[in-house]
Amino acid sequence: MATEAPAHGGYRDILRAPHAARLLAGTLLGRLPSGVGPIAITLFVRDQGGSYTLAGGLIAAYGVATALGQPLLGRAVDLKGQPRVQLPAAVLSAVGMALLALTGIGNLPLAYAAVVLAGLFTPPLEGGLRALWPSVLGREDRVHRAYALDAVAQEVMFTAGPLLLTLLVSLWSPAAALLVINLLGVLGALSVVLSEPSRTWRSAPREAHWLGALRSPGLLALLGSFFFVGLALGSITVAAVAYADDLGTPAVYGWLMAALGLGALLGGVVYGARQWAGAPERRLRVLVLLLAVCYLPLALTPGPVAMTALSVLSGVFLAPVLACAFIVVDRHAPRGTVTEAFSWLVTTFGVGSALGSAVAGPAVELAGTATGFAVAGAGGLVALLVLVATGRVLGAPTGSDTPVTDARHAGGATAPAAVHGEKNTH
């Protein structure tokens, strides 16, 4: 059941909260290097005379390193605080990309070492922001709406980021673009960690356990589902390239990706403008079902106009799925592991996306473009099956929403005890 959000509780209310706009903008800017990293590496390698195979290898190394680094850095944030981890990580990541930009691809071991350094130390700003929302916004309904705004903002970044990169390349060069993008990333991280909420945030006390956030069965169930959501999205990117090649019009690929992003943007805006009753775990199953159903028509591969419309439809439930998943992570993450838990979601989604791209390629070559899009629909359905099969586990949240009576929030407001198990210490 949904109700319209009151005017004072909309997105404007979120952005007017002290520190909120700065944290959101700083996080998006700080994530810019990772958001455009694969494209930037490809353009740089090609400009240096390297092959697409080399570009793919460097991107794979960067992606694997990022997947390994995110949960480790997320755990470090939970243990040490945000400024002591986020800013050094951002600087080291930028150093890695600067090393690649300045030394080129002549020395391949050095090039691979550079991208591994950049990926391994990609700061977990995404998980860090979601850990900060409760201390900045207080009320649970505002935090949930901020998660939706977060998902919408991602779509804006993934649209505007490549455009900015292209502009920098046209004005200077791919190497200069790498340097500028990563400098902006450091400035974004700096803006976040210098803010009062980031400086004063402390994780709730945590049980010492080598599994950290992964000791939560509910979180493991969610990660298992989101691996296949990522697989579905990754397969679409490859199948869309094949579709454009079939038409002999490469620009169609850009239109399809933009349409998918537009759909996600619209869906996220509508979803976040409403208050949703009931358990988010049940709502997530419905949203993933709708996401999978909207992926299936892509396999029809109609003409470009109809295909663009189907791409918009396929993106409509992506941002709502992400926003709802953020709430579920918050409910199932063990106390004191919230940043690590969100970072695991990022990692799992990214690994699934990479595998989806790897699966869709052979599927297209063996059985045609429609089969590549069918992989997306299959991935969405498997994601739903995982949620259904683990319904009992997901239905028993035992994570960071454990009541905390001494939580103090930015601006001196006292939030409801059930919002979050993390606290601000002044």
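Predicted model, so just to flag it, every value in this text is computed and none were measured. (Residues numbered from 1 in each chain as written. Predicted model: local features only at pLDDT ≥ 70, side-chain atom pairs only at ≥ 80, totals over all residues. Heavy atoms only, no water.)

A.B. asks: Explain the overall build of the chain to me, please; I cannot follow it from the model alone.
C.D. replies: Looking only at helices and strands, one finds 18 helices and four strands in the chain. Residues classed as buried in the chain amount to 52% of the 426 residues present. Contacts spanning at least 24 positions in sequence make up 81% of the contacts within the chain whose residues lie at least 6 apart. By element, 70% of the accessible surface of the chain is carried by carbon and sulfur atoms, the whole surface being about 16900 Å². (Helix = DSSP H or I, 4+ residues; strand = E, 2+ residues; numbered from the N terminus. Buried < 20%, exposed > 50% of the residue type's maximum accessible area, 1.4 Å probe, protein only. Contact = heavy atoms within 4.5 Å. Areas by Shrake-Rupley, 256 points an atom, 1.4 Å probe, with all protein chains shown as cover.)

A.B. asks: Which parts of the structure should I look at to understand the packing of aromatic side chains?
C.D. replies: We describe a pair of aromatic rings using the distance from one ring centre to the other and the angle between the two ring planes. A full pass over the atoms with the stated rule returns six aromatic pairs. Ring plane angle 75° and centroid distance 5.9 Å describe the contact between Tyr 147 and Phe 326, whose orientation is recorded as edge-to-face. With Tyr 147 in helix H8 (residues 140–171) and Phe 326 in helix H15 (residues 318–332), the pair connects residues that are 179 residues apart, well separated along the chain. Like Tyr 147, the residue Phe 326 is buried in the burial classification. Look at Tyr 271 and Trp 276: their rings are 5.2 Å apart centre to centre, the planes differ by 20°, and that puts the pair in the stacked class. Residue class for Trp 276 comes out partly exposed when judged on its relative accessible area of 35%. These aromatic residues form a ring-pair network of at least three members: Tyr 147, Phe 326 and Phe 342. (Phe/Tyr/Trp six-rings, centres within 6.5 Å; stacked < 30°, edge-to-face > 60°.)

A.B. asks: What exactly am I supposed to notice about the nonpolar core here?
C.D. replies: Considering soluble globular proteins, one finds that nonpolar side chains tend to be buried as a cluster. Judged by nonpolar contacts, the single largest core of 78 residues is most densely connected at Trp 133, Phe 226, Leu 284 and Tyr 295. With 13 residues, helix H11 (residues 217–247) is the largest single contributor of residues to this core. Here Trp 133 is in contact with Ala 20, Leu 24, Gly 138, Val 143, Ala 146, Tyr 147 and Asp 150, once residues within four sequence places are set aside. Ala 40, Phe 44, Val 45 and Val 115 belong to the second-largest nonpolar core, a separate cluster that totals 24 residues. (Core = buried A, V, L, I, M, F, W, Y, C linked by side-chain atoms within 4.5 Å.)

A.B. asks: How do you make sense of helix H7 (residues 125–137) when you look at a structure like this?
C.D. replies: Each full turn of the α-helix corresponds to 3.6 residues, which orients residues three or four apart in the same direction. Helix length check: H7 (13 residues) gives 18 Å between terminal C-alpha atoms against 18 Å at 1.5 Å per residue, within 8%. Maximum bend of H7: about 30°, positioned at Ala 131, with proline Pro 134 one to four residues after it. Counting buried residues along H7, 13 of its 13 residues qualify, which places the element largely inside the surrounding structure. (Expected span 1.5 Å × (residues − 1). Bend = angle between axes of the 7 residues up to and from the residue.)

A.B. asks: Sorry, what's going on with the confidence of the model for the chain here?
C.D. replies: Low-pLDDT stretches of the model should not have their predicted coordinates read in fine detail. Residues at a pLDDT of 70 or more form 90% of the chain, whose mean pLDDT is 85. Mean pLDDT across the secondary structure elements of the chain bottoms out at strand S4 (residues 423–424), with 38, and peaks at helix H5 (residues 83–103), with 97. Per-residue pLDDT stays below 50 along residues 3–9; that stretch engages in eleven contacts with residues further than four places along the chain or on separate chains. Low pLDDT, under 50, characterises residues 401–426; the stretch is placed with 65 contacts to residues that sit more than four places away or in other chains. (pLDDT = per-residue confidence, 0-100.)

A.B. asks: Would you take a moment to explain unusual backbone geometry for this structure?
C.D. replies: Negative phi characterises most residues that are not glycine, and trans characterises most peptide bonds. For His 19, which is not glycine, the phi torsion reads 80° and is therefore positive. With a relative accessible area of 25%, His 19 lands in the partly exposed category. Residues other than glycine seldom take positive phi values, yet Thr 301 does so here, at roughly 40°. Here Thr 301 is to be found in the loop between helix H13 (280–295) and helix H14 (304–315). By relative accessible area, Thr 301 is classed as partly exposed at 26%.

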